[in-house]
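# Results of the structural survey
Here is how the chains run, residue by residue.
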Amino acid sequence: MYAQMVKTDGARVRSLDEMDPVERAFQERIDAGQKIEPKEWMPEGYRKTLVRQISQHAHSEIVGQLPEGNWITRAPTLERKAILLAKVQDEAGHGLYLYCAAETLGVSRDEMYEQLHSGKAKYSSIFNYPTLSWADIGAVGWLVDGAAIMNQVPLQRCSYGPYARALVRICKEESFHQRQGFDILMNMVKGTPAQKALVQDALNRWWWPSLMMFGPSDDASVHSAQSMAWKIKQNSNDELRQKFVDQTVPQAEYLGLTVPDPDLKWNEEKGGYDFGEPDWSEFFAVIAGNGPCNAERLDARKKAWNDGEWFRDGLVAHAEKARSRRQASRIAAE
Amino acid sequence: MSSEWPLWEVFIRGQHGLNHRHVGSLHAPDAEMAVNNARDVYTRRNEGVSIWVVRSSDITASTPSEKGPLFEPSNSKVYRHPTFFDVPEEVGHM
Ligand SMILES: [Fe+2]
Ligand SMILES: [Fe+2]
Ligand SMILES: [Fe+2]
């Protein structure tokens, strides 16, 4: 997802009886649906896992601006441009809400930036694919934000208060993102055959990477089991992927598009679609840094950070000067 | 590497007549920029009519582990709630 394959440190999930009284009390609070707040006691593994998950989620929002930002100056109308700008600005906001939530766990903003820029921290695999035509901007909103919604809606109930509250804000804004994407595609498929072909081409390229966003099957993963016990993950990857496919296929049909999966078939018995397996070797290559745009994304991110340094420093210098001026006039008045 | 901007807690009055409410935090070099940034980060959809910012380091909070003793005094004073008293039905609304 926006946070994929987050590690939890433990070898297996321990039962209540195996925990010391403090940890047991903590787990019982989680089991009872209580929220954990910043300064409260928490197991080190819970804290570390959350830092990984939230910072990865934040990095994804920030890097996620880049593929769409590519089209702000190329949007077909002024209205589309204003909408896309607002959408991308929201993603910046999402990144900021999440960084702040992570900071309540004792990690600093600078540390997280450093981890992103040095390549130590991951962000979602999906943002390492290029946006080649305007239809891709439609496809990203419809599929990528659509998949993100699938994952983020249940996370609003997660056990860590600041993360849960950040997600409530995020989810309020996401539905606009998905609709603006779908709206782009609805318009394009009503256009010329060439425009419709662009939409089909965008779906062909974005379908499988979107399914990969949920991560490989994690039914046997200790990390997922632990994250579920801590209620910082609510559904298995396969469960969410299935929901996403079931929701999205009829929408593709509405647009008159063909989902690029020969194995896709409605299964009456399970009340959902059967579908093919994404190419996981591609997924692992992308998260290892070898996707089509990994280097470009990281370079753009680092460039933005480095090019902005003189400006950040200028603001600090100004704030510092204003502060000492205020101090001087206060002393003079005394 | 420049120094990290201080952290500010952001409080927004959602509508006239309501209290300011904590909505999150952000980094900014000074109070003025913190208000500017808060507008962009927390009120992109008319969520507010007024913004307060306060440096996180200036906030003093109660300690979660002392939650018990801190709030104990009010726990035992159930008579502070009107439901503590039985009012006979004949008395009517009170
Ligand atoms: Fe987002
Ligand atoms: Fe997003
Ligand atoms: Fe979004």
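An account of the accompanying structure is given in this report.

Basis of the calculations
Throughout this description, residue numbers start from 1 for each chain and increase along the sequence as written. As a convention, the first chain written is A and the first ligand written is 1, with the rest following in written order. Selection of residues for local features in this predicted model requires a pLDDT of at least 70, selection of side-chain atom pairs for listing and counting requires 80 or more, and totals for whole chains, interfaces and linings are taken over all residues. Side-chain numbers come from the whole structure's heavy atoms, not from hydrogens or water. We count a stretch as a helix when DSSP gives it H or I for four or more residues in a row; a strand needs E for two or more, and each element gets its number in order from the N terminus. In this treatment the radius of gyration is a C-alpha quantity, and the globule benchmark scales as 2.2 Å times the residue count to the 0.38 power. Three exposure classes are used, based on accessible area relative to the maximum for each residue type with a 1.4 Å probe and protein chains only: buried under 20%, partly exposed in between, and exposed over 50%. In what follows, a contact means two residues having at least one pair of non-hydrogen atoms within 4.5 Å. Values of accessible area rely on a 1.4 Å probe in the Shrake-Rupley scheme; residue burial ignores everything except the protein chains shown. Charged residues are defined narrowly, with Lys and Arg counted positive, Asp and Glu counted negative, and His plus the chain ends left uncounted. Every charge is mapped to an atom, namely NZ of Lys, CZ of Arg, CG of Asp or CD of Glu. To pair, rings of Phe, Tyr and Trp, with the six-membered ring standing in for Trp, must have centres within 6.5 Å; the planes then decide the type, stacked if under 30 degrees apart, edge-to-face if over 60, and tilted in the middle. Remark: a charge is flagged as sitting over a ring if the NZ atom of Lys or the CZ atom of Arg is within 6 Å of the ring centre and within 35 degrees of the ring normal. Simply put, an axis is a line fit to the C-alpha atoms, just over the touching stretch for a helix, and the angle between two N-to-C directions goes from 0 to 180 degrees. Handedness of a helix crossing follows the sense of rotation of the near helix relative to the far helix, less than a right angle counterclockwise being left-handed and clockwise being right-handed. When residue character is reported, Ala, Val, Leu, Ile, Met, Phe, Trp, Tyr, Cys and Pro are called nonpolar, Asp, Glu, Lys and Arg charged, and the others, Gly included, polar.

### Considering the overall build of chain B
Each helix and strand counted, chain B has two helices and three strands in total. For chain B, the N- to C-terminal ordering of α and β elements is β-β-α-β-α. A compact globule built from 94 residues should have a C-alpha radius of gyration of about 12 Å, whereas chain B, at 21 Å, is more than 25% larger. Projected onto the principal axes, the alpha-carbon positions of chain B cover approximately 70 × 35 × 15 Å. In chain B, which comprises 94 residues, the proportion classed as buried is 23%. Counting only contacts in chain B whose residues sit at least 6 apart along the sequence, the fraction spanning at least 24 positions is 43%. Accessible surface, chain B: about 7000 Å² in total, of which carbon and sulfur atoms supply 54%. Distance between charge centres in chain B, computed from 9 positive and 12 negative side chains, equals 5 Å.

### A short note on the packing of aromatic side chains
All names here are of chain A. One pass over the structure, following the stated rule, counts 18 aromatic pairs over all chains. Between the aromatic rings of Phe214 and Phe244, the centroid separation amounts to 5.5 Å while the plane-to-plane angle is 50°, which identifies the pairing as tilted. Of this pair, Phe214 sits in the loop between helix H8 (193-212) and helix H9 (222-229) while Phe244 sits in helix H10 (residues 237-254), and the two are 30 residues apart along the sequence. Phe214 sits in the buried class, given a relative accessible area of 3%. The exposure class of Phe244 is buried, given its relative accessible area of 0%. Taken together, the ring pairs connect Phe26, Trp41, Tyr46 and Trp230 into an aromatic cluster. Looking at Arg301, its charged tip hangs above the ring of Tyr113, at a distance of 5.5 Å from the centre.

### As for the packing of helix H4 (residues 78-103) of chain A against helix H5 (residues 109-117) of chain A
All names here are of chain A. Following both chains from N to C, one finds H4 and H5 inclined at 115°, their axes separated by 9 Å at the closest point. In this structure, H4 crosses over H5, and the sense of that crossing is right-handed. On the side of H4, the interface is formed by Leu96, Tyr99, Cys100, Ala102 and Glu103, while H5 contributes Arg109, Met112, Tyr113 and Leu116. Its residues placed into classes, the contact of H4 with H5 shows seven nonpolar, no polar and two charged.

Any link to function would need more than the numbers given here.
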